[in-house]
Amino acid sequence: EVLIVENDEGEIVREFIKETDTITLYKAQRECLIYLTHLDSKDMENIMVEKLNRQMDGSEWSWSNLNKLCWAIGSISGSMSEDQERRVLVIIIKDLLSLCELKRGKDNKAVVASNIMYVVGQYPRFLKAHWKFLKTVANKLFEFMHELHEGVRDMACDTFVTIAIRCRRHFIAHQPGEAAPFVDEIIANADSITSDLMPQQVNRFCEAVGYLISAQLNTQTQAQLISGLMKPYNDVWNSLVQKVGENINVLEDLAVVKQLGNVLRVNVSACGAVGKGFISQIGNIYIDMLGLYKAVSEIISSCVARDGAVATKYANVRAMRTIKKEALMLVDTYVKHCEGEVAAVNENMVPPLLEAVLADYAQNVPPARDAEVLKTVNTITSTLGGLMTDKIPVVFDSVFESTINMINQDFTDYPEHRLAIYQLLQTINQK
């Protein structure tokens, strides 16, 4: 399920909830439909096509009915023979495209378009077998990313992620009749593709391209693709970091702080998708990122010292804390994917990180302490194991007593810190 919520920084974001009663119900319904399809796939085909015809003639038209029908069509992916699936899917997509043309009103068209994207994204076997159709679908998704209806843009980005995960090798392969792999074209046109997207939608787009890049097994080629994807964001980053270096007061501009936070979010999204190969990009920004972490920490501390704990509610302070959280999230995300590189992480990444974050955590007032510090240290400890032994005393000196004093007054305050400190203690004991 996807909920639209306001986060701690006052931004409207989508929150994904994985385990709910609704999801459990959907899984049971999907399983039932798959069994029924196996019993009589031709009958299931007739029912689906007949139901869609009723949407076309208007006798059963409604957003709810179309959503349910398209979910059902998507849920039986893989349960028919490949030939039957191809035939049925061609009929359904043609009818849905016709329905999109028939309907008037941008909301109606948006619902139909979203359902087309959903259905297509649920049939990777068909997409893999038909490269030209897959490319056409991808280009259509890029068109939908310019739609004025925000829900359509969200759906286009989500579907692109789904297709990227399931068909990634086809995007990085040199297909017959193509001048270059399609991923090269996507990266070259990324600026124009994402020009109408909101920051969180840009993150989804970069996540999808990250999944495509992860399929490239040649390390040098992969690094070039990462460099191409991240170049516009690195240009913004380098420009802003240079301005901050020349005049720290630039960080008083809320727009600048939000831009820096957005660039870090893009890095987090792409890193989680690419995996350990993303170290080539992290190396470009790591030292500047930790320097920025220290700079915003000092500003936050001075605001809190001047105005008290209420300063943590100021818009600029919340935006600066986003920079800190996203920087920690980037390290956390990379360390989770750094298999085979633990010695390099221990030697090059961990010491400067601990220097930047631990003292700041200990010195801050409780409301200004970020639970992400504990979570990131936990991830590093879990991944590096015995390599962290010499650093644990320093970690304890900075986070243990300060965190315990936050949570020993009652059983409700600072729930994130409460959970994170116990998880860290558990990891240290186990490792």
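Below or above, wherever it landed, is the structure these notes cover. The structure presented is a predicted model; accordingly, all values stated were derived computationally and were not measured.

**Description of the overall build of the protein chain**
1) Next: A count of helical and extended segments in the protein chain gives 19 helices and 2 strands.
2) Next: Its C-alpha atoms give the protein chain principal-axis dimensions of about 70 × 55 × 45 Å.
3) Next: In the protein chain, which comprises 431 residues, the proportion classed as buried is 48%.
4) Next: Between the mean site of the 43 positive side-chain charges and the mean site of the 54 negative ones, the protein chain shows a separation of 5 Å.

**Some thoughts on the packing of aromatic side chains**
1) Next: Counted under the stated rule, the structure contains 9 aromatic pairs.
2) Next: Aromatic pair phenylalanine 142 and phenylalanine 160: ring centres 5.1 Å apart, planes at 90°, arrangement edge-to-face. Remark: phenylalanine 160 occurs in helix H8 (residues 150-172) and phenylalanine 142 occurs in helix H7 (residues 131-144); sequence separation between them is 18 residues. Exposure class is identical for phenylalanine 142 and phenylalanine 160. Each is buried.
3) Next: With centroids separated by 6.3 Å and ring planes inclined at 70°, the aromatic side chains of phenylalanine 142 and phenylalanine 205 adopt a geometry described as edge-to-face. A residue pair is termed long-range when its members are at least 10 positions apart, and phenylalanine 142 in helix H7 and phenylalanine 205 in helix H11 (residues 199-214) qualify at 63 residues. Residues phenylalanine 142 and phenylalanine 205 agree in their burial class; the two are buried.
4) Next: Following the ring pairs from residue to residue traces out a cluster consisting of Trp131, Phe171 and Phe182.
5) Next: Its guanidinium or amino end placed over the ring of tryptophan 61, lysine 103 lies 4.1 Å from that ring's centre, counting from NZ or CZ.

Conventions adopted
- Residues numbered from 1 in each chain as written.
- Predicted model: local features only at pLDDT ≥ 70, side-chain atom pairs only at ≥ 80, totals over all residues.
- Heavy atoms only, no water.
- Helix = DSSP H or I, 4+ residues; strand = E, 2+ residues; numbered from the N terminus.
- Buried < 20%, exposed > 50% of the residue type's maximum accessible area, 1.4 Å probe, protein only.
- Lys, Arg positive; Asp, Glu negative; His and termini not counted.
- Charge placed at Lys NZ, Arg CZ, Asp CG, Glu CD.
- Phe/Tyr/Trp six-rings, centres within 6.5 Å; stacked < 30°, edge-to-face > 60°.
- Lys NZ or Arg CZ within 6 Å of the ring centre and 35° of its normal.

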